[in-house]
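Chain residues, written in single-letter form:
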Amino acid sequence: MKLSKKVVLLGHFGVGKTSLFRRFVDNEFSEDYKVTLGVQIKKKVVEMPDGRELSMIIWDTEGHTNIEDTRKSYLLGSHAFLYVFDLTREETYKNLQQDIDYLSQNHPKVPIKVIGNKVDLVNEKEMLKKFKEHTITIDCLTSAKTNKNVQNFFLELSTEITQ
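Residues numbered from 1 in each chain as written. Predicted model: local features only at pLDDT ≥ 70, side-chain atom pairs only at ≥ 80, totals over all residues. Heavy atoms only, no water.

Visitor: Explain the pairing of strand β1 (residues 2-10) here, please?
Guide: Where burial is concerned, most of β1 is hidden: seven out of the nine residues are buried. Relative to strand β3 (residues 53-61), β1 is paired through eight bridges, and the arrangement is parallel. Its bridge partner being in β3, L9 is matched across the sheet by D60. (Buried < 20%, exposed > 50% of the residue type's maximum accessible area, 1.4 Å probe, protein only. Helix = DSSP H or I, 4+ residues; strand = E, 2+ residues; numbered from the N terminus. Pairing = 2+ DSSP bridges.)

Dropping the structure here:
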């Protein structure tokens, strides 16, 4: 039996949503920055540890500085939200808790994962300490460029959303 789950990538402009999307789905990375307009959708079939296959339908949305500007139709029917921020740009995470609260209030049954991207550009230990001081809970630190934690994160997510 093949399962199908919708996963939506959210966050500000330029945080690496498309790069994470392309790294996971196509195992590709490009230094060329192209703005996502609207939404880009791709499917990746993942084999689960129990042998089942999961079709992850991943929605890569355009960036917004205010989560409320995201089209409501992009969020409907989601099985997980991945909120991505750029570890090197504070403006991409200074209102993070408000964005997470908005998603939680409007989609209470949808798990939200917070991803700090571009870990290859920072000192990971210093960043984790910094975020503990600000009480921001990060589910994963990734680098789309080096592929650090990308595949493992999506595989762990696939297990979580199929339980």
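Visitor: Even after reading the chapter, I still don't get the sheet that holds strand β2 (residues 39-47), so can you show me in this structure?
Guide: Hydrogen bonds between backbone atoms are what pair the strands of a sheet, whose relative direction is either parallel or antiparallel. Here six strands make up an open sheet; going across it, the order is β2-β3-β1-β4-β5-β6 and the pairing mixed. On the outer flanks of this sheet lie β2 and β6 (140-142), each paired with one strand and no other. Strand-to-strand twist in this sheet, taken as the mean axis angle between neighbours without regard to direction, amounts to 25°. Together, β1, β4 (80-86) and β5 (112-117) form the strand contacts of helix α3 (residues 96-106), whose direction differs from that of β4 by roughly 170°. Packing against the sheet, helix α5 (residues 150-161) makes contact with β1, β2, β3, β4, β5 and β6, and its axis sits at approximately 115° to β3. (Axes fitted to C-alpha atoms, helices over the stretch in contact; angles between N-to-C directions. Contact = heavy atoms within 4.5 Å.)

Visitor: Would you mind going over the side chain of H64 with me for this structure?
Guide: Counting through the fold element by element, H64 comes out in the loop between β3 and α2 (72-75). When its relative accessible area of 15% is taken as the criterion, H64 is described as buried. Discounting chain neighbours no more than four positions away, the residues touching H64 are G11, H12, F13, D69 and T70.

Visitor: Please clarify how the pairing of β5 should be interpreted in this entry.
Guide: Strand residues, when the strand is regular, have side chains that alternate between the two faces of the sheet. Counting buried residues in β5 gives six out of six residues, a clear majority hidden from the surface. Every second residue of β5 is oriented toward a common face, with I112, V114 and G116 on one face and K113, I115 and N117 on the other, all of them buried. Where the polypeptide runs from β4 across α3 and back to β5, its parallel neighbour, the crossover connection is right-handed. By the bridge criterion, three bridges tie β5 to β6 in an arrangement that is parallel. Residue pairing for β6: I115 is matched across the bridge by C140. (Right-handed = clockwise from strand over helix to strand, strands pointing away.)

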